[in-house]
Amino acid sequence: MTTSPRTLMRIHFHLPERDHALYEQLLALLADITPQVQAHPADFSADVDLTSALRYWGQDSAGLVGVTRLRALALHGIPTSAGAGPSRMIAAMAAALAPPGAAIVIAPTAYDIAAFLRPQPAAALPGIGPAAARALSRLGITTVGDIADTPLATLQRILGVAAGRQAHDRAYGIDDRPLVPTAAPKSLGHSHRFDHDELDPDQHHRTVLALTEHIGTALRSERQVAQGLALTVTYADRSHTTRTRSLAEATAHTPVLATTALELLASLGLQRARVRTLALRAERLQPAETATHQLTLDIRDDQARDLEAALDRARARYNPRIVGSAAAYRRAI
């Protein structure tokens, strides 16, 4: 009984900004194709094992890659680039070479794998870092084909036993690493678009505080805590800049979130910037019951948390849009 070769895809979503909510929707789109999806939120990409989905969708590898990319564009307006092949390594290397809006699909034959791999520079092979590439180059080994043609014992003398074996195998396209389905860490965000391009730093400051209030309230209502914050500013020319920062401890406490958010705002240096939109996102969420809080002897911290809980109860009972107290931001201002 013969086993069908694997078909794996690496797909990059070219998002206009660090929109984690949209990225999560795109991962859901991939899950509609196949549940075998491994997220890479750092660069908004994902590995997808299409092997079992080919027959279901009645497509070959190139066809199903095209269907996936077309759905991302049609349903979310997001262009993609992608690579596909018989292993995670080949899919990732092909995706790295694919220009935006295109895909490169490598057939699983030995001829096609060699034709793709051999001309690539040695540094393009996963596991060959800058130092290893320099060591190989000094001996005239500059391409993946050169690595494949070098005796294993020679590679092991240059790179070490384990690294030499890995480079030798990968130069021949051997990569049996399984795909491990994972989801992107959950995130939550709010944004504010100004009626006109806003130059006033005080307006930027007040807007960030308001966004922090929204996020803190939403986190506590969902019994979640954040491990980091990301602040994105979109300018009048539609360019954007993002700053991120990890929190000292996972929290949903508005004053702590506000302190970090204002530090991010200050790091952007927007004194003369024409700002169109500010977006704040709480990242790497986890259930509140898994978080720990470092106790302090500062009574003001306890008072702020008591006030916050009272305001949350008032919002839940009377009006979700009830305004928070300025005292909640005592440590942020």
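Residues numbered from 1 in each chain as written. Predicted model: local features only at pLDDT ≥ 70, side-chain atom pairs only at ≥ 80, totals over all residues. Heavy atoms only, no water.

## Some remarks on the confidence of the model for the protein
Piece 1. Predicted confidence across the protein gives a mean pLDDT of 86, with 85% of residues reaching 70 or more.
Piece 2. Scored below 50 in pLDDT, residues 325–333 shows 20 contacts in the model against residues more than four places distant or in partner chains. (pLDDT = per-residue confidence, 0-100. Contact = heavy atoms within 4.5 Å.)

## Let's talk about the pattern of salt bridges
Piece 1. Evaluated as defined, the whole model comprises 8 salt bridges.
Piece 2. For Asp47, the salt bridge identified is with Arg10, shortest N-O distance 2.3 Å. Taken together, the residues Asp47 in strand β3 (residues 45–49) and Arg10 in strand β1 (residues 8–13) connect sequence positions 37 residues apart. The exposure classification of Asp47 matches that of Arg10, with both residues buried.
Piece 3. With its nearest N and O atoms 3.4 Å apart, the salt bridge here joins Asp197 to Arg274. (Salt bridge = Lys/Arg side-chain N within 4 Å of Asp/Glu carboxyl O. Helix = DSSP H or I, 4+ residues; strand = E, 2+ residues; numbered from the N terminus. Buried < 20%, exposed > 50% of the residue type's maximum accessible area, 1.4 Å probe, protein only.)

## Section: the packing of aromatic side chains
Piece 1. Tallied over the full model, the rule gives 3 aromatic pairs.
Piece 2. A ring pair is formed by Phe13 and Tyr23, whose centres lie 6.4 Å apart and whose planes are at 65°; its orientation type is edge-to-face. Taken as a pair, Phe13 in strand β1 and Tyr23 in helix α1 (residues 20–33) lie far apart in primary sequence, 10 residues in all.
Piece 3. Judged by its relative accessible area of 0%, Tyr23 falls in the buried class.
Piece 4. With 5.9 Å between their ring centres and 75° between their planes, Tyr56 and Trp57 make a pair best called edge-to-face.
Piece 5. Looking at Trp57, the relative accessible area reads 26%, which means it is partly exposed. (Phe/Tyr/Trp six-rings, centres within 6.5 Å; stacked < 30°, edge-to-face > 60°.)

## Comments concerning the packing of helix α10 (residues 201–221) against helix α11 (residues 254–268)
Piece 1. With their axes 9 Å apart at the nearest point, α10 and α11 run at an angle of 140° to one another. Both α10 and α11 take part in a crossing whose hand is right-handed. The segment α10 lies against α11, with His204, His205, Val208, Leu209, Thr212, Glu213, Ile215, Gly216, Leu219 and Arg220 engaging Thr254, Leu257, Ala258, Ala261, Leu262 and Leu265.
Piece 2. Here the contact of α10 with α11 is composed, by residue class, of 9 nonpolar, 5 polar and 2 charged. (Axes fitted to C-alpha atoms, helices over the stretch in contact; angles between N-to-C directions. Left-handed = near helix turned anticlockwise from the far one by under 90°. Nonpolar A, V, L, I, M, F, W, Y, C, P; charged D, E, K, R; others polar.)

## Side note on the packing of helix α6 (residues 130–137) against helix α8 (residues 152–159)
Piece 1. Running from amino to carboxyl end, α6 crosses α8 at an angle of 125°, the nearest separation of the two axes being 10 Å. One element, α6, and the other, α8, form an angle in the oblique class. The hand of the α6/α8 crossing is right-handed. Residues Ala132, Ala135 and Leu136 of α6 lie in contact with α8, whose contacting residues are Leu155, Ile158 and Leu159.
Piece 2. Across the contact of α6 with α8, the residue classes tally to 6 nonpolar, no polar and no charged. (Parallel < 35°, antiparallel > 145°, perpendicular 65-115°, else oblique.)

## Focus on the side chain of Arg170
Piece 1. Summarising the element assignment, Arg170 is placed in helix α9 (residues 161–171).
Piece 2. With no salt bridge to any partner, buried Arg170 finds its closest opposite charge in Asp175, at an N-O distance of 4.3 Å.
Piece 3. Reaching out from Arg170, the side chain makes a polar contact with the backbone oxygen of Pro126 at a distance of 3.2 Å.
Piece 4. The contact partners of Arg170, leaving out residues within four places of it in the chain, are Met89, Leu117, Leu125, Pro126, Gly127, Asp175 and Arg177. (Lys, Arg positive; Asp, Glu negative; His and termini not counted. Polar contact = N/O pair within 3.5 Å; in protein donor to acceptor, adjacent residues only side chain to side chain.)

## Brief notes about the pairing of strand β8 (residues 240–251)
Piece 1. Judged from the 8 bridges that link them, strand β7 (residues 224–235) and β8 form a sheet pairing that is antiparallel. Residue Thr234 lies in a different strand from β8, and its bridge partner there is His240.
Piece 2. What sits between β7 and β8 in their antiparallel hairpin is a turn of 4 residues, with Arg238 showing a positive phi close to 75°. (Pairing = 2+ DSSP bridges.)

## A look at the sheet that holds strand β2 (residues 37–40)
Piece 1. The strand order across the open sheet formed by 5 strands is β2-β3-β1-β4-β5, and the pairing between neighbours is mixed. The sheet is open, and its two borders are formed by β2 and β5 (103–105), each paired with just one other strand. Going across the sheet, the axis of each strand differs from the next one's by a mean of 15°, ignoring polarity.
Piece 2. Relative to β3, β1 is paired through 5 bridges, and the arrangement is antiparallel. Among the inter-strand pairings, His12 is bridged to a residue of β3, identified as Ser45.

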